[in-house]
Amino acid sequence: MHLRRKLVVGNWKMNGSLAQLAELGPIAEAAKEAGGVDVGICPPFTLIAPAVTRSGGLMIGAQDCHARESGAHTGCVSVAMIKEAGARAVIVGHSERRADNHETDAQVCAKAEAALAAGLIAIVCVGETEAQRKVGSHVEVVTAMLAGSLPDGWEGGELVVAYEPVWAIGTGNVATPADVTEMHAAIRAALVGRFGDKGDRIRILYGGSVKADNAAELFACPDVDGGLVGGASLTADAFVPIIAAAAKA
Ligand code: PGA
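Residues numbered from 1 in each chain as written. Predicted model: local features only at pLDDT ≥ 70, side-chain atom pairs only at ≥ 80, totals over all residues. Heavy atoms only, no water.

Caption draft 1: Main features of the sheet that holds strand β5 (residues 121-126). Read around the closed barrel, the 8 strands follow the order β1-β2-β3-β4-β5-β6-β7-β8; overall the barrel is parallel. Averaged over all pairs of adjacent strands, the angle between strand axes in this sheet comes to 25 degrees, irrespective of strand direction. Looking at chain direction, strand β4 (residues 89-92) and β5 are connected through 4 bridges and run parallel. By the bridge assignment for β5, Val90 is matched with Ala122. Contacts between helix α8 (residues 177-195) and the sheet are confined to β5, β6 (159-163) and β7 (203-207), with β7 contributing the most and set at about 150 degrees to the helix. (Pairing = 2+ DSSP bridges. Helix = DSSP H or I, 4+ residues; strand = E, 2+ residues; numbered from the N terminus. Axes fitted to C-alpha atoms, helices over the stretch in contact; angles between N-to-C directions. Contact = heavy atoms within 4.5 Å.)

Caption draft 2: Geometry of the pairing of strand β3 (residues 59-62). Residues Met59 and Gly61 line one face of β3 and the alternating positions Ile60 and Ala62 line the opposite face, and both faces are buried. Here strand β2 (residues 37-42) runs beside β3; their pairing, made up of 2 bridges, is parallel. Bridge pairing in β3 links Ile41 to Ile60. Taken together, β2, helix α2 (residues 45-53) and β3 constitute a β-α-β crossover, and its handedness is right-handed. Viewed along the sheet, the connection from β3 through helix α3 (residues 79-84) into β4 turns out right-handed. (Buried < 20%, exposed > 50% of the residue type's maximum accessible area, 1.4 Å probe, protein only. Right-handed = clockwise from strand over helix to strand, strands pointing away.)

Caption draft 3: A look at helix α5 (residues 105-117). Taking 1.5 Å per residue, 13 residues should reach 18 Å; α5 reaches 18 Å between its end C-alpha atoms and fits that length. Looking only at α5, the buried set comprises Val108, Cys109, Lys111, Ala112, Ala114, Ala115 and Leu116. In the core, the buried residues of α5 are packed alongside α3, β4, α4 (95-100), β5, α7 (138-149) and β6. At the C-terminal side of α5, Gly119 shows a positive phi close to 85 degrees. (Expected span 1.5 Å × (residues − 1).)

Structure below.
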């Protein structure tokens, strides 16, 4: 038995519609059939509640949250609201939010803390840019991001880390198994160094152009406990083979 069960999460980003929730049925069926793998979908906020009613047991999550409980934060959504809508997880610190909304490690950390305190699974994203990899500072950059983005302790909820190299997201340029192995080992060492045995139980997902034809190879790498999947999670046709690959890994 593996120490960590595989987890595959689809990040729909700013895509989807009520009609597209029809994809959840076959995805949920495939997840059940595959067995031994946890599967989730993170649709936009407005689709969370209807997705929950059609989830067929899939874990539904949000793509972001605010760190505060309530207040004058126009356009933002709190963890309590996300929970009330029926979500069980939330992605924080995605590179698109770090870039588009200038989110800092400290802000990501506060969001993760709020999510965990609410009993949600916090999926904390980290990843280097192409320029940082080119100069060889990728491991240093990612471990520093991780150190700044993870809260010190938590009571409820589950912490998940997603390593998503910025240059691999939505580009079709997937990281090589060697790149992924190097980074996931560094992340695991950092997690164990910081949280002890608990750090060994944190699932580390790879994200960035995961597709049906590369999923098996990526999920076979040591310390890759599943994937965070963007484009290829939007349809059951694209996502189901990735779930199957995770179940076999
Ligand atoms: P992608 O996105 O699979 O479309 O590259 C991954 C992500 O941003 O989580």
